[in-house]
Amino acid sequence: SRGNHNQGRSDSKPKTKTRPSNTCPKMNEPQVFFLFLYLVYLAIIFFFHNTLVMYPFRLLTTFLHEMSHAIACWITCGDVRSIKVFENEGGVTSYVGGCRLAIIPAGYVGAAIWGSVFVMF
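Residues numbered from 1 in each chain as written. Predicted model: local features only at pLDDT ≥ 70, side-chain atom pairs only at ≥ 80, totals over all residues. Heavy atoms only, no water.

J.: Go over unusual backbone geometry, please, and point to the residues and values.
T.: A positive phi angle, close to 65°, is found at Cys 77, a residue other than glycine. Mapped onto the fold, Cys 77 is located in the loop between helix 2 (55-75) and strand 1 (79-85). A relative accessible area of 70% places Cys 77 in the exposed class. With a phi angle near 70°, Glu 89 is a residue other than glycine that sits in the positive phi range. Considering the arrangement of structural elements, one finds Glu 89 in the loop between strand 1 and strand 2 (91-96). A residue is classified by how much of its surface remains accessible, and Glu 89, at 30% relative accessible area, is partly exposed. (Helix = DSSP H or I, 4+ residues; strand = E, 2+ residues; numbered from the N terminus. Buried < 20%, exposed > 50% of the residue type's maximum accessible area, 1.4 Å probe, protein only.)

This is the structure we're talking about:
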């Protein structure tokens with residue numbers, strides 16, 4: 001019969017190599033080292049986050065957050081009146097003028113940028 005070209009074959013799809021489901025890809029040495037450092041970092045943060053040792057770093061993070069608001073204010077032609085960082089790790093940036101649409105989210109965006117700068121250097 002001319003209509004069925006797949007006579008005698010059970011599967012018309014080409015066979016592809018597949019990895020058995022019970023194996024996982026191996027990690028190379030840099031990946032293992034990165035994973036180790038990341039786990040050490042998580043352990044340090046978990047055990048020391050609310051200690052006196054980390055308190056200055058939390059204040060620095062708050063200051064950089066508030067400074068990012070101030071930088072966005074200056075970039076958008078506003079005037080920064082004051083930056084205050086409190087003992088409870090809170091802060092306030094008082095400003096006049098500028099573009100609030102840029103100033104308000106700048107604290108979180110700026111803190112992330114500052115964090116990446118510290119990691120790079």
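Now that the structure is up, let's keep going.
J.: Lay out the pattern of salt bridges with the relevant residues and their values.
T.: Tallying each qualifying case throughout the model produces two salt bridges. In this structure, Arg 81 and Asp 79 form a salt bridge, with 3.2 Å as the shortest nitrogen-oxygen distance. For Asp 79, a relative accessible area of 37% puts it in the partly exposed group. (Salt bridge = Lys/Arg side-chain N within 4 Å of Asp/Glu carboxyl O.)

J.: Quick rundown of the packing of aromatic side chains? Include the residues and the values.
T.: Counted according to the given criterion, the structure contains three aromatic pairs. Their ring planes at 35° and their centres at 6.2 Å tell us that Tyr 38 and Tyr 41 sit as a pair that is tilted. Taken together, the positions of Tyr 38 and Tyr 41, both in helix 1 (residues 29-48) and three residues apart, correspond to about one turn of that helix. Given the relative accessible area of 41%, Tyr 38 is considered partly exposed. On the numbers, 5.1 Å between centres and 80° between planes, the contact of Phe 46 with Phe 47 is edge-to-face. You'll find Phe 46 and Phe 47 in the same group, each marked exposed. An aromatic cluster is built from Phe 34, Tyr 38 and Tyr 41, whose rings are joined through pairwise contacts. (Phe/Tyr/Trp six-rings, centres within 6.5 Å; stacked < 30°, edge-to-face > 60°.)

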